[in-house]
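# Understanding the architecture of this molecule
Each chain, letter by letter, is given below.
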Amino acid sequence: MLGGALLLFVAAALVVGWGPAPGVTSSAAQAVLLAGFTALSWQLAQRQGQPARRRHFWEVAAVGGLVLAAGAVLRSVEAVGDPANATAIRTVPGILVAAGTGILLASMLARPWRLPRADRAQLWLDVVIVLIGAAVAIWVVTMIGRSEADRPHQALWAIVGAVILSVAAFTLVRMVFTRSAPVRALAGVTLALAVALFGVDRALNAEILHAPDIRAILVARMVPALLLVAGARFDQLRRPPARLRPRARRSGAQLPFVAVIATQAVLIVELAVNGLAIRTWGALAGSVAVTTLVLIRQHVVLADNDRLVARLDDTVEVLAGQEERLRYAASHDHLTGLANRARFDEVAGRHSGTHDGGRAVLLLDLDEFKQVNDTYGHHAGDHLLRVTADRLKGCVRGTDTVARLGGDEFSVLLPHASRADAVETAHRILGALRVHVRIHGRTVRPSASIGIATSGTRPFEALLRDADAAMYEAKRRNSGFHVADADI
C-alpha cells in the first residue's frame, strides 16, 4: 500500500511537472491518496483486539479522510473547468478540506492527558515554550498570506490556516512530550504533520495565487495526502500494545532550546528583510517570551536538582545509619549490648602475636542461672544477664573487651595485662556480681565462676581453651576463680 502510494505520487509529480492539465492531475492524485487513507483507516478501525479508544480514533479518521477525499474530487472537477486557476482555493472544496482536517485534529486531541506528577511544572513550561516558538512561525506565515490577500475571503482563509496550524502544532507538541497519541508515536506525528501542511496551504493561499511556478505548488499539495497514507500504514505495520502509557522521561527535552534558536533565526531574518514591521514585532515578542520562559525553566530545573540532591543526601545519611546499625547488630549481642563471639574473635585476632606485657583471657559463667530462669521465668533471667553485663563493663579498663559468648557465658579480653592484673580484675568482677539484685520483688544474689588464662606468646585459641578448663576447675573447687597453669 505504501509503495503504491509512493509510486502514484512520483508518477503524478512527473505529469504535473511536464504534462498537460497539472491542476487536474494534482487534485486527482490527492483524491486517490485520500481515498486510500480512508480505506486504511477503516481497515484499522476493524482490527480485532485493540482498545475502544484506538478503534474510535480510526473510525473518526476514516470520516475525516472521506471528507478530504470529497474536497479533492470537487477541486479536480473545478480544475477541469478552470485550469488557469488550478491553485486557487475554492469555497466548497476549501470548506471540505478544513472540515476534514478539523475532524482529524479532534480525533487526535480526544485522548486525555496523563502527565507524570514528578515534573509536571517543567513539562508545562516546555510545552508553552515550544508552542510560542511555533506561534512565531505561524504568525509570520499568516502575515505573509494576509499581506498578499486582496479579497476578504482570502484573508479569512489565511486565518483558517493559522487556526489549523496552531491546533496541529499543539497536537504535535502534546504527542512528543506526553506520548498521548491514540496511535503509535510515528503514526501520530506523521498524521499531525500532514494536517499542519494542509494549514500552510490555507494560510498562504493568497501568496500561492501570485506564485510564478504553479507546478511546484501543485506537487507540494500532494504531500499532505501522501503523509496521511504513510501515517495510517505506520500504525498498521506493527500491532501496538493494548495499553499505551506515557513516558516517565520525555523524549522532547531539547525542544525548548530548539524553539529558542528557531525564534531567534526568524527574528533575524525578519529584521533583515522587513525591518521593524508588524511581522517583525510579532517575532520579537515571541522571541522575548520564549527566552524568558527558558530562563524560568532552567530555574525550575535547578530547583528540582537541588531538591533531588537534598533527597539523595538524606537517603545516603539514612543508608549510612542503617549500615551502622546493621554492622553493630552483626557484632554485638542484642540482649546485653556486649560484643558477641564474632566481635570477640575479631578483637582477639588484632591482639594476636607476642606481647611483652602479657595478655589475659577471663571466661565467666553464672552459677545457678538455670535456677533463676526456672523459678522466676526467662524475663528474670534476661534481666540478670543485663545486670551482669553492666557490672562487667564497670570492672574493666577502656581497652579491655567484654563479650557474651552465649547463654550465661561471658568472656573478658585483657590486652597488655599480667597475671596479677587478671587476678585483680577477677576479684573486682566477683565483688561486683555479689551485690544483690531485685527481680520481680525478689532479692537474688548472683555468683560466678571465672577461669583465667594468661600468656605473652600462646595463641588466643589456646588461651580460650585454658580459660574454659580453669573455669570448670573453679566451679569444682567453688573458689570463685582459678588461674590456668600453662605459661604463667
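Residues numbered from 1 in each chain as written. Predicted model: local features only at pLDDT ≥ 70, side-chain atom pairs only at ≥ 80, totals over all residues. Heavy atoms only, no water.

### Description of the overall build of the protein chain
Basically, it comes down to this: Each helix corresponds to a stretch of at least 4 residues labelled H or I by DSSP, and each strand to a stretch of at least 2 residues labelled E; elements are numbered beginning at the N terminus. Relative accessible area decides the class of each residue, using a 1.4 Å probe on protein chains only: under 20% of the type maximum gives buried, over 50% gives exposed, and in between gives partly exposed. Here a residue-residue contact requires only that any non-hydrogen atoms of the pair lie within 4.5 Å. Only the protein chains shown count as covering a residue, and every accessible area follows the Shrake-Rupley method with a 1.4 Å probe.
A count of helices and strands for the protein chain gives 17 helices and seven strands. When the 488 residues of the protein chain are sorted by exposure, 47% land in the buried category. Taking as baseline every contact in the protein chain between residues at least 6 positions apart, the subset at least 24 positions apart corresponds to 78%. Of the accessible surface of the protein chain, which amounts to about 23,900 Å², a share of 62% is contributed by carbon and sulfur atoms.

### Notes on helix α13 (residues 341–350)
The following threshold applies: The arc under discussion is defined with respect to the helix axis, by the directions toward the C-beta atoms.
If you check which residues of α13 are buried, you get Phe-344, Val-347 and Ala-348. For α13, the buried positions fall inside an angular range of 100° around the axis, keeping them on one side. Taken together, the buried residues of α13 touch β2 (401–406), β3 (409–415) and α17 (460–477).

### Some words on the packing of aromatic side chains
Definition in use: Stacked, tilted and edge-to-face are the three classes assigned to paired rings of Phe, Tyr and Trp, where Trp is represented by its six-membered ring and a pair needs centres within 6.5 Å; plane angles under 30 degrees give stacked, over 60 edge-to-face, the rest tilted.
Applying the stated criterion across every chain, the model contains two aromatic pairs. Judged by centre distance (4.9 Å) and plane angle (75°), the rings of Phe-57 and Trp-58 are edge-to-face.

### Concerning unusual backbone geometry
A positive phi is found at His-416, a non-glycine position, where the angle reads about 55°. Of note, His-416 is situated in the loop between β3 and α16 (419–433). At Asn-478, a residue that is not glycine, the phi angle is positive and equals roughly 55°. On the secondary structure map, Asn-478 appears in the loop between α17 and β7 (481–483).

### What about the layout of surface pockets?
Definition in use: Throughout, the protein atoms alone are placed on a 1 Å grid, and a set of points is a cavity if a 1.4 Å probe fits but cannot get out or a pocket if it is open with protein on both sides within 12 Å along at least five of seven lines; lining residues have an atom within 4 Å of a point. Grid points are joined across faces, edges and corners, and a volume is the space filled by probe spheres set on the points. In the scheme used here, Gly and all other residues not listed as nonpolar or charged are polar, with Ala, Val, Leu, Ile, Met, Phe, Trp, Tyr, Cys and Pro taken as nonpolar and Asp, Glu, Lys and Arg as charged.
Space inside the largest pocket adds up to approximately 390 Å³. Among the elements of the structure, α5 (120–147), α6 (152–178), α7 (185–203) and α11 (255–274) are those that each provide at least two residues to the lining of the largest pocket. When residues of the lining of the largest pocket are assigned to their parent elements, the largest contribution, seven residues, is made by α5. Here the residues of the lining of the largest pocket sort into 19 nonpolar, two polar and no charged.

### Observations concerning a nonpolar patch on the surface
The condition is simple: Exposure above 30% relative accessible area and no salt bridge define the residues that can form patches, which grow by joining like charges within 9 Å and nonpolar side chains of Val, Leu, Ile, Met, Phe, Trp and Tyr within 5 Å. Note on definitions: salt bridges are taken to be side-chain nitrogens of Lys or Arg within 4 Å of carboxyl oxygens of Asp or Glu.
On the surface, Val-10, Leu-14 and Trp-18 cluster together into a nonpolar patch covering about 380 Å² of accessible area. Note on placement: Leu-14 falls in helix α1 (residues 2–18).

### Thoughts on the packing of helix α14 (residues 369–376) against helix α15 (residues 378–393)
The line we're drawing: Axis angles are defined between N-to-C directions and span 0 to 180 degrees, where every axis is a line fitted to C-alpha atoms and, for a helix, only to the segment in contact. Roughly parallel refers to an angle under 35 degrees, roughly antiparallel to one over 145, roughly perpendicular to one between 65 and 115, and oblique to any angle outside these ranges.
Following both chains from N to C, one finds α14 and α15 inclined at 140°, their axes separated by 6 Å at the closest point. Taken as axis vectors, α14 and α15 run oblique relative to one another. Contact residues: α14 offers Phe-369, Val-372, Asn-373 and Tyr-376, while α15 offers His-378, Ala-380, Gly-381, Leu-384 and Leu-385. For the contact of α14 with α15, a count of residues per class yields six nonpolar, three polar and no charged.

### Some points on the sheet that holds strand β6 (residues 448–455)
Operational definition: Strands are labelled as partners when DSSP assigns at least two bridges between them.
Taken in spatial order, the five strands of this open sheet run β2-β3-β1-β6-β7, and their pairing is mixed. Looking at the sheet topology across the chains shown, the edges are occupied by β2 and β7. Strand-to-strand twist in this sheet, taken as the mean axis angle between neighbours without regard to direction, amounts to 20°. In terms of strand pairing, strand β1 (residues 359–366) meets β6 through eight bridges, oriented antiparallel. Bridge assignment links Leu-362 to a residue of β6, and that residue is Ile-452. Running at roughly 145° to β6, α17 makes contact with β1, β3, β6 and β7 of the sheet.

### Focus: the pattern of salt bridges
According to the stated counting rule, one finds 17 salt bridges in the structure shown. Residue Arg-54 is joined to Asp-235 by a salt bridge in which the shortest nitrogen-to-oxygen separation is 3.3 Å. Here Asp-235 lies in helix α10 (residues 223–237) and Arg-54 lies in helix α3 (residues 52–81), a separation of 181 residues in the sequence. Given the relative accessible area of 3%, Arg-54 is considered buried. For the salt bridge of Lys-393 with Asp-390, the shortest nitrogen-to-oxygen distance reads 3.8 Å. With a gap of three residues between them, Lys-393 and Asp-390 both fall in helix α15, about one helical turn apart. The class for Lys-393 is partly exposed, based on a relative accessible area of 42%.

### Considerations on the environment of Arg-445
Defined as follows: Side-chain atoms alone can form a polar contact between residues adjacent in sequence; in general such a contact is a pair of N or O atoms within 3.5 Å, and within protein one must be able to donate a hydrogen while the other accepts it.
Structurally, the position occupied by Arg-445 is in the loop between β5 (442–444) and β6. Arg-445 sits in the exposed class, given a relative accessible area of 55%. Sequence spacing of Arg-445 and Val-435 is ten residues, and the spatial spacing of their C-alpha atoms is 6.3 Å. Look past the residues within four positions of Arg-445 in its chain and what remains in contact with it is Arg-434 and His-436. Here the side chain of Arg-445 touches Arg-434 through a polar contact of 3.5 Å, landing on its backbone oxygen.

### Details of the pairing of β2
Most of β2 is tucked away, with five of its six residues classed as buried. Two strands pair when backbone bridges link them, and β2 and β3 are joined in this way by five bridges, in the antiparallel orientation. Bridge pairing in β3 places Gly-406 opposite Glu-409. Joining the antiparallel neighbours β2 and β3 is a turn of two residues, in which Gly-407 adopts a positive phi near 60°.

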